[in-house]
Structures are given as structure tokens and as C-alpha cells.
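Per-entry structural report
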Amino acid sequence: MTAKSVPAKAVAVQPARAKSSFKWSNLIIHLIFILITLSMVVPLALVIVVSLTDENSILHHGYRMIPDKLSFSAYEYFFKSPDAILRAYGVTIFVAVVGTILSLILTASMGYTLSRRDYGLVRPTSFYVFFTMLFGGGLVPFYILVTQYLHLKDTIWALIVPGMLSPFYVLIMKGFMSKIPFEIVESAKVEGAREWRIFVQLILPLSKPSLATLGLFIMFNYWNEWFNALLFIDNERLVPLQLLLVRTMNSLDFITSRPEFALVMSNFNLANFPKTAAKFAIAILSAGPMLIVFPFFQRFFVKGLTVGAIKG
Amino acid sequence: MQKTNSSKFKFRTTLLTSISLAAALTAAGCGNSNNNSNASPSAAASGSASATASASAAASGSASASASSELEPVELTWYYPQNAANADLKLVNDAVNKITKEKINATIKLMPIDFGTYEQKMNTTTAASEKIDIIWTSNWLFKFDTNQKKGVFLPLDDLLKSSGQKLYDSMQKKFWDDATLDGKIYAVPNFQVSASRPSLVLQKRFVDKYNLDLGTIKKIDDIEPFLKQIKDGEPGITPFGTTKGFYSGLMYNIDNRVEVYRDDTTHTVLPDVTDELKHSYELAHSWYTKGYIMEDAATLKSAADAYNKGTTAVWFDVTGKPGSEVEFKVADGGYDVVLAPLAQSTFTGAASTMNAISRTSKNPERAMMFLELVNTDKELYNTLVYGIEGKHYEKTTGNYIKINQDAGYFTNTDWIFGNITNEYLPEGAPEDKIEQTIKVNDEAYVSPYTGFVFNTEPVKTEIANVNAVKEEYGASLGTGTLDPAKYLPIYEEKLKKAGVETIRAEKQKQLNEWLAANGKS
């Protein structure tokens, strides 16, 4: 839509320009973008189509854009007991939203502190943040910390707290905020604003673009997170979507790839099970909501970039 | 000047406040759980408080449970793998607890983990010394020997004597031998079919069409004329399917525990590349060049995907369990299959599914009592496997039941929980499944080297190197994609460089020691 309207306007503004050359360059640009778009849309469409294809026709004919037999059995398998998957969606959405908000608050306040030139411990604090980027405690100490000291096992906080502060994002935030002229802070002080007011009413609104960008990243991280859930969640009611799907897929692979397993596994009807289609359905189920969310986010995102830009 | 100073000061105080606020927040965040499990002693105290409460409850109704009334009530946790989460797990767990409460005054917390993540999850939880009572283990998932070396499991000999004598008597010694490491029993094997018999799996429609007499198939070479018939007469059908090749020492009278000829009185460990293996490679290559084996055999990730289409006429299966025709039919696009055994069946050990007691268990003797109950109590076992009668399954005639797969509890893994001879038979299972299982286990050849475990620690690097070489050449040679005349010498040379002889020497040394220690040499 927008792509079309742009040349129309341009033509109206500059009628004197030679039409033919204009068209040619436009055509090429359009073609390039059409190709780029297709290269992204076609695979996605294929995934959707395969997830809706009958398992036997996949086995015999491979992946096809136009399936000879449609089947919803893969989705039926996941929605056989809708409770589980809907609850998993609920958990994931809650974690993503709450986690992103908390994480943004922490990241912004930490980044802001580090960006203040008049904060005396900038170097050691920055180093402290940077150090954790290079060295981690390892899986088992992490597990012990979360289960035995923080006592987060089997709570929803086990999914939120570990991902709340990423040193990398703090440094990005710091980099952005240190570009905000320090004079703003000083002049605000002259006007009588205190530190909280400066942070909340001046710095945060000015940082909208970076908040939007990092918010999106953080939200993706929370959305795709399943490993913490694997470690810490035993309660079926708290299983997030990704873990549910990862588990399903792993188990499927596991059952079909191990001969010793097939031996001991009697009467599990593999032939009727939509194995391949299920994998594609998993891709759609896990990415789908984000695909819908993203364009909305993107609007704010671009808006944030223009409105939030520092003037003068 | 003063102003900036004071503002600096203010900024610092703000910072301080915010930090302390954050600290308070974190404290509050975990304060909730902190309170009820602040320190394990207090948790234990509250546990004992509730224990007395339930003890009095038990006392009030103790007439029925006089045997268990003297036992302290405890809660046991049991980690085991499952295919998928079951919606009614809680209900089944309650039903299980009802039985165990009455019989051993204990409750069980069932902790099913799906197969794909079991290993990872258990590695972490055991490394963190989490309190667990019973852990499912095996030689293929959450490996028994590795984890025993790490000290994850408790030795069971004394416990079996004190609280599990009935359990110990329920299985022959050869089963317990598989759960024995360093002279001590570390796990309770689940009784199931533990024998394997290398076999050819043939599609029945082709066997009938070409009048193949299965009695004539004594070794794998004998199938060649049949493959030729398929190749000539059945376009679109792959005569022989394989991914990693079709060599198994079992076919050539080589022991399954150590690579030694069964009748070899000198107990000489064989090299990796035996004459039989060479023969197998040559055979594979001749079949490959004749077009009997699919072209992408060496690179296929999973043979099952190829077999699923039902376009493979014959393939080799190392396990060839009697009665597995039903399973193969399912994995073969629904075509009937017949098995042509190529060797006597061999006892492969019970290590493929076992339950062990964790080192971190607070009540090991109660865990043992529970394991004994699971393996001997028909009601408890079937509740674990099939769920609740009337809800998840219906009894039909005799020992048969009808499972309702969508009712909310469907495990399909009888072999995880315990002795399968206690189970009800699902519809469609052969009537003599249990008798067959016992018979197959009894008749299978038991290796004289049972109990010998090769300690790979001294030759760890060599093994890694050799495995890398095998990874590179194994599948290509095994499927006949590469000409053994040209590549086998290269393969052997590389194996040698990787240290294959060092491994063999070490194995021989350990075997000799073992033989001497056990008075068999």
C-alpha cells in the first residue's frame, strides 16, 4: 500500500520529470523488494501448508505448496486437550509481559546510573556488569542458587527472575543514554527537579526508541525461553508454551530415532501419528502470536524512533 | 559549587535508596517461599508435625493397617521418564497414595519427565544434590554406570535383605547381575523381555509372492537371491534397507558383553575389524553396486523414516524380539512382516530399564519397600501403568483390559514402572505375552562375561578418537557406499592411529583381571 502511494505522490510533485526512466528504476526497486518479500513469505507459507498436509502425502510426495490431501490432524493432536495448550499460552504471555516490564525498569535504571558522568563508581560498576557477560557460574550453581537460595522452584518467578537483567542490554542502554546531553539533567536540577523526576519524566521519555528496541528483544527472549522452565518447573499448570512444544517434539524424535526404544515400546501407533506435520504445526503455534504482535509493536517502534529523537 | 556537591550527595542517596529498595524487593520476592522453607531443619520440624498429625489419623483408623502403623509416614519422590504429560496425573497419584498409605504408610510424589529432556533434567537435579528418593535409570538414558560412578545411587544389598527380600527373590540372579557394579547392587531391574536375536524383517507380501522359504535363511548372505528377485520384479521398492550397516557380533558367535568368540577358552578380545566385519562390508558393497541398497543409505538420518513409507522389502534388525511383528507392521506403512532369525537369542541384560534409590534419599528403606510393592503388587502396578479402573480403562475378559487413550492418563510404558508380568493385557496383545516374555528370558543365551564392565576411564581419549574415525567411515563402509577393497585399509590405518590397539589391550587386561577375580580363567 505505502509503496504504491509514494511514487504517485512523487509524480504529482514533479510532473516535469521524464516518465519512462522513473518507471524503470521504480520497477527494478519494486522487483527487488518483491523478491525479498517472497523469499520470506514463501517459506512461511510452505510451513503453514505442510502443517496442514496429510502425513501420508508428506511421506510419499515430500513437501508441496499445493497438498493433495488436507488434514488438521497435527493441530487436532495439540488441541485434543485444549486446557494444556491454552494454559501454556497464558503462562507464556504473562511471563513475557510481566518479565518485559520488570526487565525494562531494571535495565533502564541500571543503564541510566552507568551513563551518569557524575556517578563516582562508573568504572567499577561497568566492569562488574561487563564481567558477567564473559563469565558465568555454570549450570549447576545456577540451579542451586535458584532452587535452594531463592526458592523459586515451581513458581512462575523462576521463569521471570533469571532473565530479568541482561548485561548486554544494560550496556546498550548505557550507550544510548550517555548520548542524551547531560545539560538536560543539569537544567532540570536548576528547575528544581529531583533525581526520580529527572529519570521518570525526562530521561525515560527521551529513551523511548531504545526502550522499544530492547523491549522487543527482551520480549522475544521471554517468549522463546524454555530451558529455565525445563529446569525449574514440575507443576504442569506452570509449563510455558515453548517447553510444551519442545517436549512434544523431543519426545517425538526420541521415540522414532531409537531402535531400542521402539523395541520396548509396544502398541504405540506411529503410522497414524502426524509426525512431520506436527513439527510444522509446532513452528506455527509457537511463532504465530508473535507474528501478530510484531506489526503492532513495530508501529510504536518507528514512532518511538521519530518522536523520541532528541531535538536540538 | 556547594550546590553541585549537595546534588551529588542527593544523587548518591537516591542511588542508595534504589539499591536498597531493589534488595528489599528481591528479599520480598522470595520471602514467601523463604518462610515455609527457611531452613531445612524447620521444614523437617513442620514435616514431623504434620507427620504426627497424620500418624494420629492413621492411628484412628489403624485397625485395618496394623502392619504399617509402626512405620513413620513419609513422602517419597520418584523421577521417571514419560512420553507426554498426563492431565490426570494428580488423580492417579492420589490413587497410588491410597494403596501405598495403607500398605507401607508412605505417599509417593510421582515426577514424570518427558523422554527428550530426562537426561538433562536429571543430570542437573542430581548434580545439585536435590532430595530425591527413586530415580529411573538405564543403559541408554540417564546412564546407569556413569551415574553410579558419580555416586548418584545408593548400594542396595543391605536394603534388599532388610526390606526387599521378596523383591530380590522375584527375579533370577542374572537380572541382578546387570544392576551390579563394583560388587554391589545399585538398582532394581524391571522384568521385561531382555533378549535380542538379530533377524531379517521381511515384508510378507513379497515373501508370499516369491515363495521364499524362510527355513533356508541361515545367515545374512542367504537372502541375496530374494533381493535380486525384488530388484528385478518390483520397481519402486528398495530391496534392502539399512543406515549403519548390518553387522552384529551376535550373528557370528561373538559374545555381546566383550568381543570374544563364545567358544574361545583363551578369552582373547577381538580387534574392532574382525574377519566377519570385513565380510559384512564386502557383502554390503556388492549389494550396493547391484542396487539392492538405497543410494542415500549412508547419509540417512533415521532408517525409520524410510521404512515408514512401506517401500523397503527387507531390513536387518538387531533386536528381533519375538512377537515384534506387530510393532514392525506399524513402522512399515501397515504391511505385514515376518521375521527370519539369524542367530540364537541372547540375554542382553536387564539394564535397559531399572529403578535406583538416590544417595540423597532420606528414607532409603521406605523407598525399597515401595519398590518391592511396585514390583509385586498387581493393583499398584496397574494403577501406575493404566490409571484408574472405570475411568482410564475397563476390564474386559480375563486379564484383558480396554484402554481409553483419551481419558487423561495413558502411559504406554509398562516397562518403566516395574515387573511387567503383573500387568493387565491391553486389547490386541498376544494372549501368552507374559508367558512368552518369561520363556524368552529363560531360554536366552547368557554371556559368561555377565558382570564384566569395561572401565573406559584409562583410555578415554583413544575411545573418543576411535569413535570419530568410526563416525567418518562406519556408515559408508557398512552400507557398502565405499569399496572396502580400497577404503578398509585406510579405515584400519586410521583406527590404529587413533589408538584402537591401546583400547583392546586395556580391555584384555581388565578382562583378565576380572576373570582371575571371579575364578573363571
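None of the values given here were measured: they were computed from a predicted structure.

On to the pairing of strand β15 (residues 400-403) of chain B, then. All names here are of chain B. Burial along β15 is one-sided: the face carrying Ile401 and Ile403 is buried and the face carrying Tyr400 and Lys402 is not. One ladder, built from 3 bridges, connects strand β14 (residues 393-395) with β15; its direction is antiparallel. Its bridge partner being in β15, Tyr393 is matched across the sheet by Ile403. Two strands pair when backbone bridges link them, and β15 and strand β16 (residues 425-426) are joined in this way by 2 bridges, in the parallel orientation. What sits directly across from Ile401, in β16, is Pro426.

Listed under "transmembrane region" (unreviewed entry) in the UniProt record, and renumbered for this structure, are residues 27-52, 84-106, 127-150, 156-177, 198-223 and 277-297 of chain A. In residues 84-106 of chain A, helix accounts for 100% and strand for 0%; the two terminal C-alpha atoms are 32 Å from one another.

What follows is about the sheet that holds strand β9 (residues 238-241) of chain B. All names here are of chain B. Within the open sheet, the 4 strands sit side by side as β9-β10-β8-β11. Their pairing is mixed. Unpaired on one side and paired on the other, β9 and β11 (337-341) mark the two borders of the sheet. On average, each strand axis in the sheet is inclined to that of its neighbour by 20°, with strand direction left out of account. Set on the sheet, helix α10 (residues 224-233) makes contact with β9 and β10 (312-317); between it and β9 the angle comes to about 140°.

All names here are of chain A. The domain architecture assigned to chain A consists of domain 1 (17-74) and domain 2 (81-307). Domain 1 puts 10 residues into the contact, and the matching count from domain 2 is 9 residues. Looking at the side of domain 1 that touches domain 2, the elements with two or more residues in it are α2 (19-51), α3 (55-61) and α4 (73-78). Counting residues per element, the side of domain 1 that touches domain 2 draws most heavily on α2, at 4 residues.

Residues and elements named next belong to chain B. Here strand β13 (residues 354-357) shows two buried faces, one formed by Met354 and Ala356 and the other by Asn355 and Ile357. Here 2 bridges tie strand β6 (residues 188-189) to β13, and the two strands are oriented antiparallel to one another. Looking across to β13, one finds that Pro189 is bridged to Met354.

Moving on, we come to helix α11 (residues 275-290) of chain B. Residues and elements named next belong to chain B. Taking 1.5 Å per residue as the helical rise, α11 with its 16 residues ought to reach 22 Å, and the 23 Å between its terminal C-alpha atoms agrees with that figure. Within the sequence span of α11, burial applies to Leu277, Ser280, Tyr281, Ala284, His285, Trp287 and Tyr288. Looking down the long axis of α11, one finds its buried residues gathered within 165° of arc, a one-sided arrangement. The exposed set on the far side of α11, more than 90 degrees from its buried face, consists of Asp275 and Thr289. Close packing links the buried residues of α11 with α10, β9, α18 (460-478) and α19 (484-498). Positive phi shows up at Gly291, right after α11, with a value of about 85°.

In this numbering, the UniProt entry assigns the feature "domain: DUF3502" (unreviewed entry) to residues 448-516 of chain B. As annotated, residues 448-516 of chain B comprises 74% helix and 0% strand, and the C-alpha atoms at either end are separated by 13 Å.

Residues and elements named next belong to chain B. α19 packs onto α18 with a crossing angle of 170° between their chain directions and a minimal axis gap of 9 Å. It follows that α18 is roughly antiparallel to α19 by the angle criterion. Of the residues in α19, those touching α18 at Glu462, Asn465, Val466, Val469, Tyr473 and Leu477 are Pro484, Tyr487, Leu488, Tyr491, Lys494, Leu495 and Ala498. For the contact of α18 with α19, the residue count by class is 10 nonpolar, 1 polar and 2 charged.

Turning our eyes to something else, we now look at the sheet that holds β15 of chain B. Spatially, β14-β15-β16 (chain B) is the arrangement adopted by the 3 strands of the open sheet, whose pairing is mixed. On the outer flanks of this sheet lie β14 and β16 of chain B, each paired with one strand and no other.

Residues and elements named next belong to chain B. For Phe347, the position within the fold is in strand β12 (residues 346-347). Each C-alpha atom, one on Phe347 and one on Tyr445, is 5.5 Å from the other, the two residues being 98 residues apart in sequence. Look past the residues within four positions of Phe347 in its chain and what remains in contact with it is Lys174, Ser194, Ala195, Asn441, Ala444, Tyr445 and Val446.

Conventions we followed
Residues numbered from 1 in each chain as written. Chains lettered and ligands numbered in written order. Predicted model: local features only at pLDDT ≥ 70, side-chain atom pairs only at ≥ 80, totals over all residues. Buried ≥ 20, exposed ≤ 12 C-beta atoms within 10 Å, placed from the backbone. Helix = DSSP H or I, 4+ residues; strand = E, 2+ residues; numbered from the N terminus. Pairing = 2+ DSSP bridges. UniProt positions renumbered as here; feature names shortened; annotations may be inferred. Axes fitted to C-alpha atoms, helices over the stretch in contact; angles between N-to-C directions. Contact = placed C-beta atoms within 7 Å. Domains from an automatic or database assignment. Expected span 1.5 Å × (residues − 1). Arc of directions from axis to C-beta. Parallel < 35°, antiparallel > 145°, perpendicular 65-115°, else oblique. Nonpolar A, V, L, I, M, F, W, Y, C, P; charged D, E, K, R; others polar.

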